[in-house]
Amino acid sequence: MLKYCPRLCVIVLIFILLACTEKQKIYTVGVSQCSNDEWRKKMCVEMQQEAMLHPDMRLEIRLVADDTEKQIADIQSFIDRKIDLIIVAPNKAAPVTPVVERAYNAGIPVILVDRKVLSDKYTAFIGADNYQIGEDVGNYIAKLLNGKGNVLEICGLEGSSPASERHQGFISAIIKHENINLLQSVDGAWLKDIAENKMEDAMRIFPEIDVVYSHNDRMAMGAYSAAVRENRASNIAFVGIDALPGTDGGIEQVLEGKLKATFIYPTNGEKIVQLAADILHNRPFEKTNGLYSSIVDETNARVLKLQTDIIIEQDNKIGFLNGKIDSYLTQYTTQRYLLLVAIIVVALFVLFFILIFRVLNSKNRLNREMAKRNAEINRQKELTEQQRDQLIELSKQLEEATQAKLVFFTNISHEFRTPLTLISGPINSLLADKNISRENIRLLSLAKKNANILLELIDQIIDFRKYENGKMKLHLSSHNLYNQLNELNESFYELAKHKHLNFNFLATGNDYEMIYDMEKMERIYFNLLSNAFKFTPEKGFISVDLNKLYSEKGNFAMLKISNSGRGISKNDLKHIFERFYQVNSQAGGSGIGLALVKALVELHGGKISADYDETAAVNTFYVAIPILSDKNAENAIQNQYKKLTGNTEFLKETKDDYIFDNEIDKENELILVIDDNPDIRSYIKTVLQNQYSIIEAKDGAEGLRKAFKYIPDLIVSDVMMPPPDGIELCRRLKSELSTNHIPVILLTAYSLDEQKITGFESGADDFIAKPFNSDILEVRIKNLIENRKNLKNAFQKHFPVAENKEILNDTDKNFIEKLKTLIEKNISNTDLNVEDLGQNIGLSRTQLYRKVKNITGYSPVELLKIIRLKKAFKLLTSSELSISETAYETGFTSPSYFAKCFKEHYNESPTDYLKRLKNL
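Residues numbered from 1 in each chain as written. Predicted model: local features only at pLDDT ≥ 70, side-chain atom pairs only at ≥ 80, totals over all residues. Heavy atoms only, no water.

Asks: Looking at this model, I keep getting lost on the overall build of the protein. Mind explaining?
Replies: What the protein contains, in helices and strands, is 30 helices and 24 strands. Of all 920 residues assigned to the protein, the portion counted as buried reaches 44%. Taking the intrachain contacts of the protein between residues at least 6 apart in sequence as the baseline, contacts between residues at least 24 apart amount to 70%. Accessible surface, the protein as shown: approximately 50200 Å² in total, 52% of it carbon and sulfur. (Helix = DSSP H or I, 4+ residues; strand = E, 2+ residues; numbered from the N terminus. Buried < 20%, exposed > 50% of the residue type's maximum accessible area, 1.4 Å probe, protein only. Contact = heavy atoms within 4.5 Å. Areas by Shrake-Rupley, 256 points an atom, 1.4 Å probe, with all protein chains shown as cover.)

As structure tokens, this is what we get:
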């Protein structure tokens, strides 16, 4: 029960808080005003005052100062935060329409104030009839001029609905009076400075201006200032719209005689908030709510000024009273929470006393239980100590048994040496006899072979015993590891041929002069390679890589031996280097071969580890031998071993690819030269290296591997090489999806037409006979690469594939069509990327990039974007989808990004394209 007391306290406190706190839904209303002029500020003040009468409503007002992009971002922010209602005064109708539609489609009510958008996807509109105001101004000016005179119109921001509607209403009024001449309609962008500049330009052009009609009072005052400087203000009547109160307002300017008249453009911020409250509380409301205007001239300006002054004074008093109310509410809230805290404290005291009572009541019971548990723990401790002593004893017995086993093997090995010598000697003598039959030679050879195997096994047991006793010594001297391993490989080529194995030895350079024990190194390599041949099935492969690793731990010769076949399990990998451990008991062996290899590697101060790649089904052994060259090699080996103790991960850090990639100039085309003659490779590299990046391969197998890995721009290959020869290599390259686009030039010492026909049938692009002229080679390489570039350019001009039938070959055309189909199938998926495309088409990211770039001149990302844009173009042309819907339908992350990409590709925005389409 004691453990539930804290939870009980929390439950009681929550109950008290819920009982003392009134739950009330608070609605957040986002307001986006298109500018921060006096008219907008007055509207915002009215909205805030009205919102005070609605305690469940909180306004969040943002002014954008005529910045359409900022207004779109503000509205999108409201949508992302999922606020309850949005009030918008659009700066420009067209650009703001998509984001208003997104808010409406997201289920957020939208109220448009003063200005509309190019869609009916909004909840309500409230504002004056700008068309009617424009018509009223036109009628007033016609009356003022007695139906005859010159008028200059200064319009609001181009693209805003109030400017367009006020202009249209004005035109509808003055068109009835043929003697009224509209001199010019200029864009003042609602701003005083711009209107002032426009007025100056107009006065230079038109000597007689009777009336200036401005879409707001600010622009009218700008025009008035320009006329004053030119001493023409007394001859021109200025008419504006807004009629704001205050020192700089339109009413004051009428009283001062600067404006002939101004028309009231009602703000009605209180009605906007009332409409929002009706929508939020699901009360009936009108979708279109009109506001009315009237004229202010010298006849009523003084009366209106007095009224507005009184209203401003009353607003100030209301603001003062609201401040007092807020202060009282704060005091009330504070007192309320103090009362709540007092209740909580009392409740805590009660719970505290209950808790003490429960603790005292439970203490005796817990003590009794603790006593029982202590007795049980003591009993378990005694049992654990007994088991520990038994394990120690078993471990000692196991060690003794292992030592006894080693001693037995060592002793019996020494005993076996004499009879083995007596067996091997007569066998060698019999084999030297020329009169012996072939069958007897075969049997004697078999006996000699197995006698040698038994002798090797005996030597391993004796060597391992020496290592166990610390008596094995290194006989260090300087040797070239590359040359030694190459010589040892000769012993395995015949076996590889017999088992039909692909056996490759690759090295980065041949300068591996270092100090080590040559005999023990032979045993290390021989054991590892023998294991690889033993467990690799027919038609499998064995690969040996020799590289150098330069790291903070030192410099190493890195030996990596890989073979295909049955994998080594994770559990076996943990024990594989332990003595007498066998992965497969049916495979035979003593179980000490790898243990001896590990001992010999560590004796050199190196490390060994093993790994199995399940995906590729490849076993790999990694060996690191320190590269030492000084006289104190033995001390250096000991220091090196200490550095590597417990660390084997670095063994997989081969520098082959790293060093190789650094040698490639990414700006030049990459050419792969394949020839088994190093002098030919060196000569071709000397000829081409100033113009291209060159990589080399010494035979067909290495050439295939590097071609698949680096996807070069062109391949130059000899025909007569160890398998696969140049013809087979070309056939395999042209049959693989990742390499079939690469041009191939074959070099041959034979000039027979039959061989050339075979080469061209295999897919070769050109044939050059040896000895060849270097200039001819350079020209043919240049032509093939230029042809490939021309194909890219042609592809770019005639994309998509349907228009490229005469440009691409069948293989490349099928590849591009497959890629295009894959993209179109997933075109609406915004997460589609290069990795997904490569995985679905069967290529790595690097292979896909180089292949697509070689064929089309585009990167996969660029190609993906172009296909999306062409799909979007078709949808805009043939469907009723909006720009926003089209963007998302074609996989773009946002309409703004889609519009940017569309304009970059087609040199016009989606909006302009749709307008042009409608006008056709």
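After that view, the rundown keeps rolling.
Asks: When you look at the pairing of strand 10 (residues 261-264) in this model, what are you seeing that I'm missing?
Replies: The side chains of a regular strand alternate between both faces of the sheet. Looking at chain direction, strand 9 (residues 237-242) and strand 10 are connected through four bridges and run parallel. By the bridge assignment, Asp242 is partnered in strand 10 with Ile264. Once the chain exits strand 9 it traverses helix 9 (residues 250-255) before rejoining the sheet at strand 10, and the crossover so formed is right-handed. Where strand 10 and strand 12 (residues 295-296) come together, two bridges link them in antiparallel fashion. Directly across from Thr262, in strand 12, lies its bridge partner Val296. (Pairing = 2+ DSSP bridges. Right-handed = clockwise from strand over helix to strand, strands pointing away.)

Asks: Is there a simple way to think about the packing of helix 7 (residues 192-205) against helix 8 (residues 217-229) in this case?
Replies: Two packed helices can be described by the angle between their axes and the distance between those axes. Where helix 7 meets helix 8, the axes come as close as 7 Å, and the angle between the chain directions of the two elements is 45 degrees. When the interaxial angle is binned, helix 7 and helix 8 end up oblique. Relative to helix 8, helix 7 is oriented so that their crossing is right-handed. Only Arg218, Met219, Met221, Gly222, Ala223, Ser225, Ala226, Ala227 and Arg229 of helix 8 make contact with helix 7, whose side of the interface consists of Lys192, Ala195, Glu196, Met199, Glu200 and Met203. (Axes fitted to C-alpha atoms, helices over the stretch in contact; angles between N-to-C directions. Parallel < 35°, antiparallel > 145°, perpendicular 65-115°, else oblique. Left-handed = near helix turned anticlockwise from the far one by under 90°.)

Asks: Mind showing me how you'd approach the packing of helix 2 (residues 38-51) against helix 10 (residues 269-280) here?
Replies: Relative orientation of the contacting elements helix 2 and helix 10 amounts to 50 degrees, with a least axis distance of 7 Å. By the angle class used here, helix 2 and helix 10 are oblique. As helix 2 packs across helix 10, the resulting crossing turns out to be right-handed. Within the contact between the two elements, helix 2 uses Met43, Glu46, Met47, Glu50 and Ala51 and helix 10 uses Gly269, Glu270, Ile272, Val273 and Gln274. Considered class by class, the residues forming the contact of helix 2 with helix 10 number five nonpolar, two polar and three charged. (Nonpolar A, V, L, I, M, F, W, Y, C, P; charged D, E, K, R; others polar.)

Asks: Explain helix 7 to me, please; I cannot follow it from the model alone.
Replies: Residue pairs spaced three or four apart in an α-helix point in one direction, given the helix's 3.6 residues per turn. The terminal C-alpha atoms of helix 7 lie 20 Å apart, and with 14 residues this matches the ideal 20 Å at 1.5 Å per residue to within 8%. Within helix 7 the residues assigned to the buried category are Ala195, Glu196, Met199, Ala202 and Met203. End-on, the buried residues of helix 7 take up no more than an arc of 125 degrees, which puts them together on one face. Away from its buried face, by an angle of more than 90 degrees, helix 7 presents the exposed residues Asp193, Arg204 and Ile205. Looking at the packing, one finds that the buried side of helix 7 touches strand 6 (149-155), strand 7 (180-187), strand 8 (211-214), helix 8 and strand 9. (Expected span 1.5 Å × (residues − 1). Arc of directions from axis to C-beta.)

Asks: Looking at this structure, I do not really get the environment of Lys448. What am I missing?
Replies: The topology assignment puts Lys448 in helix 12 (residues 438-468). A relative accessible area of 34% places Lys448 in the partly exposed class. It is 9.6 Å that separates the C-alpha atoms of Lys448 and Leu431, two residues lying 17 residues apart in sequence. If we ignore the near neighbours within four places in the chain, the residues touching Lys448 are Ile427, Asn428 and Leu431.

Asks: Would you take a moment to explain the sheet that holds strand 3 (residues 85-88) for this structure?
Replies: What the six strands build is an open sheet, ordered 2-1-3-4-5-11; its pairing is parallel. Here the strands that pair on one side only, and so sit at the sheet edges, are strand 2 (57-63) and strand 11 (288-291). Taking the axes of each pair of neighbouring strands and ignoring which way they run, one obtains an average angle of 15 degrees across the sheet. Pairing between strand 1 (residues 27-33) and strand 2: seven bridges, direction parallel. The residue of strand 2 that forms the bridge with Val31 is Ile61.

Asks: When you look at unusual backbone geometry in this model, what are you seeing that I'm missing?
Replies: Leaving glycine aside, a negative phi is the common case for residues, and trans is the common case for peptide bonds. Note that the residue after Lys770, namely Pro771, is joined by a cis bond; omega there is -10 degrees. Inspection of the secondary structure assignment puts Pro771 in the loop between strand 24 (766-769) and helix 23 (774-797). Not every positive phi belongs to a glycine, and Asn146 is a case in point at roughly 55 degrees. Looking at the element boundaries, Asn146 is found in the loop between helix 5 (130-144) and strand 6. In this structure, Lys539 takes a positive phi of about 65 degrees despite not being glycine.

Asks: Help me out: how do you make sense of the sheet that holds strand 12 in this one?
Replies: Within a beta sheet, neighbouring strands are joined by backbone hydrogen bonds and run either parallel or antiparallel to one another. Judged by pairing direction, the sheet is mixed, and its six strands sit side by side in the order 7-6-8-9-10-12 without closing on themselves. Each edge of the open sheet carries a strand with a single partner, namely strand 7 and strand 12. The strands touched by helix 7 within the sheet are strand 6, strand 7, strand 8 and strand 9, with strand 7 carrying the most contacts at an inclination of about 135 degrees.

Asks: What's the story with the packing of aromatic side chains in this structure? I'm lost.
Replies: Any pair of aromatic rings gets described here by the distance separating the centres and the angle formed by the planes. Within the structure shown, the criterion is met by 19 aromatic pairs. Summarising the aromatic geometry, the rings of Tyr140 and Phe263 are spaced 6.0 Å apart at their centres and angled 80 degrees between planes, so their arrangement reads as edge-to-face. Here the residue Tyr140 occupies a position in helix 5, and Phe263 occupies one in strand 10, the gap between them amounting to 123 residues. Phe263 matches Tyr140 in its accessibility class, with the two residues each being buried. Among the aromatic residues, those joined into a ring-pair cluster are Phe873, Phe892, Tyr897, Phe898, Phe902, Tyr906 and Tyr913. The ring of Phe125 has Lys116 lying over it, and the distance from NZ or CZ to the ring centre is 4.9 Å. (Phe/Tyr/Trp six-rings, centres within 6.5 Å; stacked < 30°, edge-to-face > 60°. Lys NZ or Arg CZ within 6 Å of the ring centre and 35° of its normal.)

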